[in-house]
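Architecture and fold: a report
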2 protein chains.
Amino acid sequence: METERLLSNIRIVLVETTHPGNIGAAARAMKNMGLSQLCLVNPRDSFADKPPDKAIWRAASAEDVVNNAMVVSSVDEAIGDCQLVIGTSARDRRIPWPLLDPVECAEKVWVESVAGRDVAILFGRESRGLKNDELHKCHYHVNIPTSESYSSLNLAMAVQIICYELRKASHTVVEPVATEDRWDMAYASASELEHLFEHLERTLVQLEFHDPDNPRQLMTRLRRLFNRVRLDQMEINILRGLLTAINQKLPDADLSSRGEKSGH
Amino acid sequence: METERLLSNIRIVLVETTHPGNIGAAARAMKNMGLSQLCLVNPRDSFADKPPDKAIWRAASAEDVVNNAMVVSSVDEAIGDCQLVIGTSARDRRIPWPLLDPVECAEKVWVESVAGRDVAILFGRESRGLKNDELHKCHYHVNIPTSESYSSLNLAMAVQIICYELRKASHTVVEPVATEDRWDMAYASASELEHLFEHLERTLVQLEFHDPDNPRQLMTRLRRLFNRVRLDQMEINILRGLLTAINQKLPDADLSSRGEKSGH
């Protein structure tokens, strides 16, 4: 069935999950809604030989989703090939990120999936969610509405709500709706963006515009900017070329500081 | 907060739950979305002295919802005072009932709650859901969309989705939308309806229109009819009066059958 094939392109990424039972429950929640692609970043209990019993038990008839889970050691590995990355976030952030509710998230993800792109949705630790540096790798954040008096959702419940909205979107949204769904170039993948940010930061240091020991949110704000604008691959190439041109014009930052050289 | 006060009027009824962990997880799911009124019909593990440890543990910070749960021995007790009763149902029924999706269910329940009415939403057993006679006590059934290849949702996950939609409805739906939300009479409660159905069945037997040993879905179809039309209290009184009039005109069914008397 076409719907299930497209839903299976959507990657659910669980980051540093503590309880294997939650992994099993999340797998069941996914399969109930037609999703199947699970990726685990550093789960506490090893999956090296086989998945923990508790994960299998809670998965019930979604054992296959647990057994087929991709287990990796970093978020970058989990999302590297994805062209849209969304992170679940409970808290208001100091630097606000483009924010979706679960319905908007599902519509956006579904349209991407129909357009053949790879999408990842990140879920953080039971205790503290996603870290800031993980959230800053995302194009969007998604927030599930909760009661103010008790807002801490169980991890698998959050997966259930997001996957439920994805299934609903798959029933209703059929046509690409926004400009970005009909773009002429492929969008940059998460790993291409990560290389751009590394190159950018290196160049800003070389320019003495950026002090990594006193970062003052500079890279966070630049990450937000370039994630928000959603770079395509041509644009990434242009920016990388521009940075390389800067690198070549500048004296080698390792030899001397700009201040010492300015007298020459 | 007004929203939370109204959400707390909505009763979540879990019927003959096997696993206390599911009760705890359902309580947490409720509280996360601002609901608090939990009713348990014959849970397998006794709540007589205190709730089972596993229920408390899975509830996390929703321990109060578990501790305050009303524990009863029948569905009738759980819903008796409610004017709207909705049952969760996974399967297609032989006799189809008015069916809502979770969004429609939430909008309807929220509007009732704003109108000050008592509402119950029933969730069945982990193994087999609600029984037919329980489903026939409901005005509506609600069905959560799932994958065809694996449709069996965990109980607490189903509670989570329904409560999540209720919270969403509480954010968006503010005005009564349908005629029935501006009705001049109070709607009949579930126990008033139950008494009507008992009276009706008794009378149909007396009329020899209905054979309880060969029921042929008659009462199911009449239940569906009178649940669908949503009787108000005046209408219940009229129908009960009509049934009483029939009872009084008929010879005592215990003494002789109508056929034997027709010769007089």
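Residues numbered from 1 in each chain as written. Chains lettered and ligands numbered in written order. Predicted model: local features only at pLDDT ≥ 70, side-chain atom pairs only at ≥ 80, totals over all residues. Heavy atoms only, no water.

Digging into the sheet that holds strand 1 (residues 10-15) of chain B
Residue and element names in this part refer to chain B. This is how the line gets drawn: DSSP calls a pair of strands paired once it identifies at least 2 bridges connecting them. Here a strand is any run of E in DSSP of at least two residues, a helix any run of H or I of at least four, and the numbering for each starts at the N terminus. Two residues form a contact once any of their heavy atoms are found within 4.5 Å. Here, axes are lines fitted to C-alpha atoms. For helices the fit covers the stretch in contact, and angles between N-to-C directions go from 0 to 180 degrees.
The strand order across the open sheet built from seven strands is 3-2-1-6-4-7-5, with neighbouring strands paired in parallel fashion. Looking at the sheet topology across the chains shown, the edges are occupied by strand 3 (70-72) and strand 5 (99-100). By the bridge criterion, three bridges tie strand 2 (residues 37-41) to strand 3 in an arrangement that is parallel. Opposite Val41, over in strand 3, you have Val72 as the bridge partner. Packing against the sheet, helix 2 (residues 20-32) makes contact with strand 1 and strand 2, and its axis sits at approximately 160 degrees to strand 2.

A closer look at the environment of Met70 of chain A
All names here are of chain A. Applicable threshold: Burial here depends on accessible area, computed with a 1.4 Å probe over protein chains only, as a share of the maximum for the residue type. Under 20% is buried, over 50% is exposed, and the range in between is partly exposed.
Take Met70: it is sitting in strand 3 (residues 70-72). Exposure remark for Met70: the relative accessible area of 36% places this residue in the partly exposed category. Measuring from C-alpha to C-alpha, the distance between Met70 and Val41 comes to 8.5 Å, with 29 residues separating the pair along the chain. Here Met70 is in contact with Arg11, Leu38, Cys39, Leu40 and Ala78, once residues within four sequence places are set aside.

Quick look at the confidence of the model for chain A
The predicted coordinates should not be examined in detail at positions where pLDDT is low. Residues and elements named next belong to chain A. We count it as follows: pLDDT gives the predictor's per-residue confidence on a scale running from 0 to 100.
In the predicted model, chain A carries a mean pLDDT of 88, and 90% of its residues have values of at least 70. Confidence drops under pLDDT 50 across residues 255-264; counting only partners more than four residues distant or on other chains, this segment forms six contacts. Overall fold confidence (pTM) sits at 0.84, and the ipTM for the predicted complex is 0.79.

A few points about the side chain of Ser170 of chain B
All names here are of chain B. Just so we agree on the cut-off: We define a polar contact as two N or O atoms separated by no more than 3.5 Å, with the added condition that, inside protein, one atom must be a possible hydrogen donor and the other a possible acceptor, whereas residues neighbouring each other in sequence contribute only through side-chain atom pairs.
If you trace the backbone, Ser170 turns up in helix 8 (residues 155-172). What makes Ser170 buried here is its relative accessible area of 8%. Of the polar contacts made by the side chain of Ser170, one reaches the backbone oxygen of Arg167; its length is 2.6 Å. Leave out the neighbours within four places in its chain, and Ser170 touches Thr3, Leu7 and Trp110.

Structural notes on the sheet that holds strand 2 (residues 37-41) of chain A
Residues and elements named next belong to chain A. Taken in spatial order, the seven strands of this open sheet run 3-2-1-6-4-7-5, and their pairing is parallel. Every interior strand has two partners, whereas the edge strands, strand 3 and strand 5 (99-100), have only one. Relative to strand 6 (residues 119-123), helix 8 (residues 155-172) is tilted by about 150 degrees, and along the sheet it contacts strand 1 (10-15), strand 6 and strand 7 (140-142).

Quick notes on the relation of the copies chain A and chain B
Copy one and copy two of the chain differ by a rotation about an axis and a translation along that axis. Using the following cut-off: To superpose the copies, least squares is applied to the C-alpha atoms of every residue with a pLDDT of at least 70 in both.
In screw terms, the move from chain A to chain B is a rotation of 180 degrees and a rise of 0.0 Å along the axis, fitting with an RMSD of 0.0 Å. What the superposition gives is, in effect, a two-fold axis relating one chain to the other. Both copies contact each other with a shared surface, as 100% of the interface residues of chain A are interface residues in chain B too.

Section: the pairing of strand 6 (residues 119-123) of chain B
All names here are of chain B. Burial analysis of strand 6 places five of its five residues in the buried class, the great majority of the element. Along strand 6, one buried face is formed by Val119, Ile121 and Phe123 and the opposite face, lined by Ala120 and Leu122, is buried too. Note that strand 1 and strand 6 share five bridges and pair parallel. If you follow Ile12 over to strand 6, its bridge partner there is Ile121.

Regarding the pattern of salt bridges
Rules: Only one rule defines a salt bridge in this text: a Lys or Arg side-chain nitrogen within 4 Å of an Asp or Glu carboxyl oxygen.
With the rule as written, the count across this model stands at 28 salt bridges over all chains. Between Lys137 of chain B and Asp76 of chain B there is a salt bridge, with its nearest N and O atoms 3.0 Å apart. In this pair, Lys137 of chain B sits in the loop between helix 7 (132-135) and strand 7 (140-142) while Asp76 of chain B sits in helix 5 (residues 75-79), placing the two residues 61 residues apart along the sequence. Judged by its relative accessible area of 14%, Lys137 of chain B is buried. We note a salt bridge from Glu112 of chain B to Arg117 of chain B, for which the minimum N-O separation is 3.1 Å. Given the relative accessible area of 0%, Glu112 of chain B is considered buried. Taking the relative accessible area as the measure of exposure, Arg117 of chain B reaches 10% and is therefore buried. Here the residues in one salt-bridge network are Asp76, Lys137, Glu194 and Arg223 of chain A, joined through shared partners.

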